[in-house]
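A look at the structure
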Amino acid sequence: MIADVAGKGVPAALFMALSRTIIRTTAFSGRSPASALMRANQLILKDSQAEMFLTAAYAVLELDTGRLIYANAGHNRPLWRHAADGTVTELDQRGIVLGAFEEIVLEEQRLDLAPGDALILYTDGVTEALNGEGAMFGEERLWT
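Notes on the structure in this doc start here. Everything numeric here is computed off the predicted structure, so don't read it as measured data.

**A look at the nonpolar core**
Ranked by internal contacts, the top residues of the largest apolar core, which has 20 residues, are L37, L54 and L98. Sorting the residues of this core by element identifies α1 (9-27), α2 (33-47), β2 (54-62) and β3 (67-73) as the ones contributing at least two each. Each residue touching L54, except ones within four places of it in the same chain, is listed here: A3, D4, V5, F15, S19, I23, I44, A73, V97 and L98. Counting six residues, the second largest nonpolar core, distinct from the first, contains L68, W80, L91 and L111.

**Considering the pattern of salt bridges**
Applying the stated rule across the entire model yields three salt bridges. D112 serves as the salt-bridge partner of R67, at 2.8 Å between the closest nitrogen and oxygen. Placement of the pair is R67 in strand β3 and D112 in strand β6 (residues 108-112), with a sequence separation of 45 residues. Taking the relative accessible area as the measure of exposure, R67 reaches 28% and is therefore partly exposed. Take D112: its relative accessible area is 44%, and that puts it in the partly exposed class.

**What about the environment of R110?**
Relative to the elements of secondary structure, R110 occurs in strand β6. Taking relative accessible area as the criterion, R110 reaches 48% and is therefore assigned partly exposed. Sequence separation of R110 and Y70 is 40 residues, and the distance between their C-alpha atoms is 6.6 Å. Ignoring any residue separated from it by four or fewer positions in sequence, one finds R110 in contact with R67, L68 and I69.

**Side note on the sheet that holds β2**
Spatial ordering of the open sheet is given by β1-β2-β3-β6, a layout of four strands whose pairing is antiparallel. Pairing within the sheet leaves two strands with one partner each, and these edge strands are β1 (2-5) and β6. Strand-to-strand twist in this sheet, taken as the mean axis angle between neighbours without regard to direction, amounts to 15°. Sheet topology note: the β1/β2 ladder contains four bridges and is antiparallel. Note that in β2 the partner of A3 across the bridge is A56. In this fold α1 packs onto β1 and β2, with an angle of close to 150° to the strand it touches most, β1.

**Concerning α1**
For α1, spanning 19 residues, the distance from its first C-alpha to its last is 27 Å, which sits close to the expected 27 Å at 1.5 Å a residue. Turning to α1, its buried residues number three or more, namely A12, F15, S19, I22, I23, T26 and A27. Buried residues of α1, viewed axially, fall in a sector of 125°; they line one side. Exposed residues on α1 whose side chains face more than 90 degrees from its buried face are V10, L14 and T25. Against the buried residues of α1 lie β1, α2 and β2.

Reading guide: rules and limits
Along every chain, residues carry numbers that run from 1 in the direction the sequence is written. Reporting in this predicted model follows two pLDDT cut-offs: at least 70 for local features of residues, and 80 or more for side-chain atom pairs to be given and counted; totals over whole chains, interfaces and linings ignore these cut-offs and use all residues. Side-chain measures here rest on the full set of heavy atoms in the structure, leaving out hydrogens and waters. Think of a nonpolar core as a cluster: buried Ala, Val, Leu, Ile, Met, Phe, Trp, Tyr and Cys residues, connected wherever their side-chain atoms sit within 4.5 Å. Think of it in three bands: residues with accessible area under 20% of the maximum for their type are buried, residues over 50% are exposed, and the middle band is partly exposed, with areas taken using a 1.4 Å probe on protein chains only. Only runs of H or I of at least four residues qualify as helices and only runs of E of at least two qualify as strands under DSSP, and these elements are numbered from the N terminus. Residue contacts are defined here by distance: any two heavy atoms, one from each residue, within 4.5 Å place the two residues in contact. By definition here, a salt bridge exists when the distance from a side-chain nitrogen of Lys or Arg to a carboxyl oxygen of Asp or Glu is within 4 Å. When DSSP finds two or more bridges between a pair of strands, those strands are recorded as paired. The axes are straight lines fitted to the C-alpha atoms, using for helices just the contacting stretch, and the angles between their N-to-C directions are given from 0 to 180°. Take the number of residues in a helix, subtract one, and multiply by 1.5 Å to get its expected span. The arc refers to the directions leading from the helix axis to the C-beta atoms.

Take a look at the structure:
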């Protein structure tokens, strides 16, 4: 699970704390990733009085098979680094942000990870970080 709130400061931190609690509760209820995020969206909208939203990606890995089931609620697209040949695939599952719209529909994607493969989850805080010369870190450097 990874998420990012649109906003800064104490209000954003409180909104993230609320959202994190709700998402964890719905995830631990045995729901699939998409179902958990859609239910969390309903609860966030009922409980939040802030005009904020968040992006999230939630994945469940079956350790015995390597099967990954994930849903994306408007978050940066995860990257799948294949150990066999070093290639990187952007997981292009799309979805809508949480906390902004009452009825959202999220889809799940399934894929089979091989031993040594890596799933890279990140926020724009990583890719937009600036070095001393003012150059952004960028997505390409996530897997190199």
